[in-house]
Amino acid sequence: AQKVTQAQTEISVVEKEDVTLDCVYETRDTTYYLFWYKQPPSGELVFLIRRNSFDEQNEISGRYSWNFQKSTSSFNFTITASQVVDSAVYFCALSEGRGSTLGRLYFGRGTQLTVWP
Amino acid sequence: SQTIHQWPATLVQPVGSPLSLECTVEGTSNPNLYWYRQAAGRGLQLLFYSVGIGQISSEVPQNLSASRPQDRQFILSSKKLLLSDSGFYLCAWRAQTRRTEAFFGQGTRLTVV
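Residues numbered from 1 in each chain as written. Chains lettered and ligands numbered in written order. Predicted model: local features only at pLDDT ≥ 70, side-chain atom pairs only at ≥ 80, totals over all residues. Heavy atoms only, no water.

1. So, the overall build of chain A
The number of helices and strands found in chain A is zero helices and twelve strands. Shown N-terminal to C-terminal, the secondary structure of chain A runs as helices and strands in the order β-β-β-β-β-β-β-β-β-β-β-β. Scaling as 2.2 N^0.38, a compact globule of 117 residues should have a C-alpha radius of gyration of about 13 Å, and chain A matches this with 14 Å. With the C-alpha coordinates of chain A rotated into their principal frame, the extents come out at 50 × 30 × 20 Å. (Helix = DSSP H or I, 4+ residues; strand = E, 2+ residues; numbered from the N terminus. Rg over C-alpha atoms; globule rule 2.2 N^0.38 Å.)

Structure, rendered in structure tokens:
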């Protein structure tokens, strides 16, 4: 079963619009970690944020904000006032650590965000 | 500071030829190491990961193999490439704890012709 689901394959917005990227995860671990990465056209994955399962406090960093809700197993990412430079593929990832999954880092299929000027 | 090096950046290989992609990490010891492949569908597929020298876990059965001859060196190999091996290969490392993020190399774009 897929552990990280990013249902939105592609999203297009016009500059200055707000956009939310959805991430739903699945795990039986009581302690786990969630991540968001950005992949610009150059291909390299850039780390954006880490969140652990026992900290549901939302986080804001500039135009970026993250909403973590354990009740719905979601870790959504919002970009406020989007810019053309935000155009990239965004990945959500999950880290478990017990038993046979120790060390594994699972990624969703990614969401291609295109911001038009 | 820690850095990760992956080479080559691009590679064009004929079907049936061997493959060797190398990844090295500097500035840390005993890292977890990963090989991912990103095909045209854009998703990141975990191929191999290693928690120590000589310890390799394979996620997907295929004609690829991985080795970790040294603590900070991770090699992806194939004896005979297939067309379906084309893709973007990414190496990554993270500290020996599941709470940390992974850091990625710049990737190798492999085209099998």
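2. With respect to the overall build of chain B
Scanning chain B for helices and strands turns up zero helices and eleven strands. Mapped in sequence order, the helices and strands of chain B form the string β-β-β-β-β-β-β-β-β-β-β. Taking 13 Å as the expected radius of gyration for a compact globule of 113 residues, we find that chain B reaches 13 Å, a close match to that expectation. With the C-alpha coordinates of chain B rotated into their principal frame, the extents come out at 40 × 25 × 20 Å. Across the 113 residues in chain B, those meeting the buried criterion constitute 49%. Contacts in chain B between residues at least 24 apart in sequence constitute 54% of all its contacts with a sequence separation of at least 6. Of the accessible surface of chain B, which amounts to about 5,100 Å², a share of 53% is contributed by carbon and sulfur atoms. Distance from the positive charge centre (10 side chains) to the negative charge centre (6 side chains) of chain B: 6 Å. (Buried < 20%, exposed > 50% of the residue type's maximum accessible area, 1.4 Å probe, protein only. Contact = heavy atoms within 4.5 Å. Areas by Shrake-Rupley, 256 points an atom, 1.4 Å probe, with all protein chains shown as cover. Lys, Arg positive; Asp, Glu negative; His and termini not counted. Charge placed at Lys NZ, Arg CZ, Asp CG, Glu CD.)

3. Here we look at the interface of chain A and chain B
With 31 residues of chain A at the interface, the matching set in chain B holds 22 residues. Here chain A and chain B share an interface that buries about 2,100 Å² over both sides, 50% of which is from carbon and sulfur atoms. Three residues, Glu-44, Leu-105 and Arg-109 of chain A, lead the burial of chain A against chain B; their summed loss comes to 22% of the area buried on that side. On the surface where chain A and chain B come into contact, there are one salt bridge. Along the contact surface separating chain A from chain B lie five residue pairs in polar contact (both at pLDDT 80 or more). For the side of chain A that touches chain B, the element with the highest residue contribution is strand S5 (residues 33-39) of chain A, accounting for four residues. Of the residues in the side of chain A that touches chain B, the class split is twelve nonpolar, twelve polar and seven charged. (Buried area = accessible area lost by both parts, 1.4 Å probe. Salt bridge = Lys/Arg side-chain N within 4 Å of Asp/Glu carboxyl O. Polar contact = N/O pair within 3.5 Å; in protein donor to acceptor, adjacent residues only side chain to side chain. Nonpolar A, V, L, I, M, F, W, Y, C, P; charged D, E, K, R; others polar.)

4. Observations concerning the sheet that holds strand S7 (residues 64-70) of chain B
All names here are of chain B. The sheet built from four strands is open, its strands ordered S1-S3-S8-S7 with antiparallel pairing. Bordering the open sheet on either side are strand S1 (3-7) and S7, each of which pairs with just one other strand. Each neighbouring strand pair of the sheet contributes to a mean axis angle of 15°, computed without reference to strand direction. As paired elements, S1 and strand S3 (residues 19-26) share five bridges and run antiparallel to each other. Bridged to Ile-4 within S3 is Val-25. (Pairing = 2+ DSSP bridges. Axes fitted to C-alpha atoms, helices over the stretch in contact; angles between N-to-C directions.)

5. Describing the pattern of salt bridges
Considering all chains together, one arrives at six salt bridges over all chains under this definition. The salt bridge partner of Asp-71 of chain B is Arg-68 of chain B, with a shortest N-O separation of 3.2 Å. A relative accessible area of 21% means that Asp-71 of chain B is categorised as partly exposed. The class of Arg-68 of chain B is buried, set by a relative accessible area of 3%. Within this structure, Arg-51, Asp-55 and Glu-59 of chain A form a network of salt bridges that share partners.

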